[in-house]
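Report on the structure
Each chain is listed here by its residues.
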Amino acid sequence: CPPPHTQPRPPRGGGGGGGGPGFDVARTGHARVALIGFPSVGKSSLLSTLTDTSSEAAGYEFTTLTCIPGNLHYNDTKIQLLDLPGIIEGAASGRGRGKEVIAVARSADLVLMVLDAVQEENNQHRDILTRELETMGIRLNQHPPDLYFRKKNGGGIKFNATVPLTKLGDDPERVVNRILHEYRIHNAEVLMREDCSTDELIDVLEGNRRYVKCLYVYNKIDSLSIEEVDQLARQDHSLVISVHMALNLEELKRRMWEYLGLVRIYTKPKGKAPDLTEPVILSKGRGGLTVRNVCDGISRELLNVFNYALVWGRSARHNAMRVGLQHVLSDEDVITIVGKTVTQQRHDRDYSKRVEAHYKAMRQRNKNQKQSKK
């Protein structure tokens, strides 16, 4: 018999401060995906199906009361999935530990909004969840506005735009000035490179917005007609699945991979075959996709001795294309990093400092070894 409560139990030691037990989850893997949704939509079952983690699932609401992590291994990468407690309307104001749940979602690279396809009418639950996340400063499937803003010490407000502005009324400059004055900003420079709205301008002024990709996943489609499933599947950023019947789960993995924007880079030692077993994983959301990011992923010391790189793959115009640190790589590219010769390194400005730091580290290491022997 399911428990009679309809609200999640408050965390022990209650207080409005930090997240309760289970919410402080260490970031692992190459990307993080947060499962968000109303209670009893199948989040726990989805986590148990996709990962090696068993999350309690039951026919009553609020089965999951903490954040349960799991790892999905896909395309040589490890993706961390977080099964979060079901949130309800008013979560952004603290109902049902909603603030703690949404705070975890801010740290995710992708939000997987799990919805009950049977109960979803006119995207009612989808709109409610989107509104709750937006209230907490999370922008789903949006990009930061192309707007330059800088405070100054004087000179008043200078406003310019490189495109026609249709969302700021008949007098955009007056609207911008009024908003800035409401924020007590009287000296600033604003340049709009796209047709921005007042909300987008406010997002830039607030400076704490989080722009996250979101995939809307409609579960339990085995209870719908073909026409209803087709209607849901045609919506933007949407996917239909059935965890119970294991329908479309491989497509879900593929779409997650696509939305996360992960890239595998294989390294090739000079004169040897490429290592296709352990790629360096890059992500546009976590640093970038350049040769510099590959060097960071292998060793910071590589940047000090980097000379050039040879690249094979889709990002190269020809095989063994010679590139620099700023070259943007594509998925499954092969790269050989060529270091500077000793003569070239001696011409670097910081060469003497690097040598001094190297010998200092060696002396410290030898000292530690002698102390450990004693």
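This text gives an overview of the structure that appears in the document. (Residues numbered from 1 in each chain as written. Predicted model: local features only at pLDDT ≥ 70, side-chain atom pairs only at ≥ 80, totals over all residues. Heavy atoms only, no water.)

Let's talk about the overall build of the chain
What counts, and what does not: The secondary structure listing takes helices from DSSP runs of H or I that are at least 4 residues long and strands from runs of E that are at least 2 residues long, numbered from the N terminus. Under the scheme applied here, a residue whose accessible area is under 20% of the maximum for its type counts as buried, over 50% as exposed, and between as partly exposed, the area being computed with a 1.4 Å probe on protein chains only. Here, residues are in contact when the closest pair of their heavy atoms is within 4.5 Å.
Per the secondary structure count, the chain includes eleven helices and 15 strands. Burial statistics for the chain: of 374 residues in total, 44% are counted as buried. Put simply, of all contacts in the chain between residues at least 6 apart along the chain, 64% involve residues at least 24 apart.

Details of the environment of Gln142
By the element assignment, Gln142 lies in the loop between β5 (138-140) and β6 (147-151). Sequence separation between Gln142 and Val212 is 70 residues, and the spatial gap between their C-alpha atoms is 7.3 Å. Once you skip the residues sitting within four places of it in the chain, Gln142 turns out to touch Glu134 and Tyr211.

Comments concerning the pattern of salt bridges
Short version of the rule: Whenever a carboxyl oxygen of Asp or Glu lies within 4 Å of a side-chain nitrogen of Lys or Arg, that contact is scored as a salt bridge.
Under the definition given, this model contains 14 salt bridges. Arg286 serves as the salt-bridge partner of Asp109, at 3.0 Å between the closest nitrogen and oxygen. Of the two residues, Asp109 is situated in the loop between α2 (98-106) and β4 (110-116) and Arg286 in the loop between β12 (275-283) and α8 (291-298); the sequence distance between them amounts to 177 residues. Judged by its relative accessible area of 30%, Arg286 is partly exposed. When the shortest N-O distance is used, the salt bridge between Arg150 and Glu189 registers 3.3 Å. Linking Arg150 in strand β6 with Glu189 in strand β8 (residues 188-192), this pair joins segments that are 39 residues apart in sequence. Given a relative accessible area of 28%, Glu189 falls into the partly exposed group. Three or more residues are tied together by salt bridges with common partners; here these are Arg27, Asp109 and Arg286.

Observations concerning the side chain of Glu200
In plain terms, the rule: Counted charges follow a simple rule, with Lys and Arg positive, Asp and Glu negative, and His plus the chain ends left uncounted.
Counting through the fold element by element, Glu200 comes out in helix α5 (residues 198-206). Nearest to the buried, unbridged Glu200 among oppositely charged side chains is Lys167, at 4.8 Å. When residues no more than four places from it in sequence are discounted, the contact partners of Glu200 are Pro145 and Asp195.

Comments concerning the packing of helix α4 (residues 172-182) against α5
Note the threshold: Geometry is summarised by axes, namely lines fitted to C-alpha atoms with helices restricted to the contacting stretch, and by angles between N-to-C directions that run from 0 to 180 degrees. The sense of a crossing depends on the near helix, which, turned anticlockwise from the far helix by less than a right angle, makes the crossing left-handed and, turned clockwise, makes it right-handed. Classes in brief: Ala, Val, Leu, Ile, Met, Phe, Trp, Tyr, Cys and Pro nonpolar; Asp, Glu, Lys and Arg charged; the others, Gly included, polar.
With their axes 11 Å apart at the nearest point, α4 and α5 run at an angle of 40° to one another. When you trace α4 past α5, the crossing you get is right-handed. Residues Val175, Val176, Ile179 and Leu180 of α4 form the contact with α5, whose participating residues are Thr198, Leu201, Ile202 and Leu205. Within the contact of α4 with α5, the residues separate by chemical class into seven nonpolar, one polar and no charged.

So, the pairing of strand β7 (residues 157-161)
Convention followed: For two strands to count as paired, DSSP must find a minimum of two bridges between them. When the strands point away from the viewer and the connection leading from the first strand across the helix to the second strand turns clockwise, the crossover is called right-handed.
In this sheet, β8 lies alongside β7 in parallel orientation, the contact comprising five bridges. Bridging from a neighbouring strand, Ala161 pairs with Met192 of β8. Once you follow β7 into α4 and on to β8, the crossover reads as left-handed.

Side note on the nonpolar core
Spelled out, the test is: Here, nonpolar core means buried Ala, Val, Leu, Ile, Met, Phe, Trp, Tyr and Cys residues that are tied together by side-chain atoms lying within 4.5 Å of each other.
Counting residues in each nonpolar core, the largest one holds 59 residues, and the members touching the most others are Val33, Leu46, Leu81, Leu112 and Leu252. The residues touching Leu81, leaving out its near neighbours within four places in the chain, are Val33, Leu35, Leu47, Leu50, Thr51, Ile68, Pro69, Gly70, Leu72 and Met256. Leu282, Ala309, Val323 and Ile335 belong to the second-largest nonpolar core, a separate cluster that totals 17 residues.

Brief notes about the pairing of strand β3 (residues 77-83)
Burial analysis of β3 places six of its seven residues in the buried class, the great majority of the element. By the bridge criterion, five bridges tie strand β1 (residues 31-37) to β3 in an arrangement that is parallel. Bridging from a neighbouring strand, Ala34 pairs with Leu82 of β3. From the end of strand β2 (residues 68-74) to the start of β3, which pair antiparallel, there are two residues, and Asn75 there has a positive phi angle of about 50°.

Observations concerning the sheet that holds strand β11 (residues 262-267)
An order of β12-β11-β15-β13-β14 is seen for the five strands of this open sheet, with the pairing classed as mixed. Each edge of the open sheet is held by one strand with a lone partner, namely β12 and β14 (321-323). The mean inter-strand angle of the sheet, taken between neighbouring strand axes irrespective of direction, is 40°.

Thoughts on the packing of aromatic side chains
Worth spelling out the cut-off: Only centres within 6.5 Å qualify two rings of Phe, Tyr or Trp (six-membered ring in Trp) as a pair; their planes then separate them into stacked at under 30 degrees, edge-to-face at over 60, and tilted for everything else. Whether a charge sits over a ring depends on NZ of Lys or CZ of Arg being within 6 Å of the ring centre and within 35 degrees of the ring normal.
As enumerated under the stated definition, the model contains one aromatic pair in all. Sitting over the ring of Tyr216, Arg126 keeps its end group 3.6 Å from the ring centre. In this structure, Arg322 packs its charged tip against the face of Tyr308, placed 3.7 Å from the ring centre.

Some remarks on unusual backbone geometry
One non-glycine residue, Asp76, lies in positive phi territory at about 65°. Among the structural elements, Asp76 can be located in the loop between β2 and β3. Take Asp76: its relative accessible area is 44%, and that puts it in the partly exposed class.

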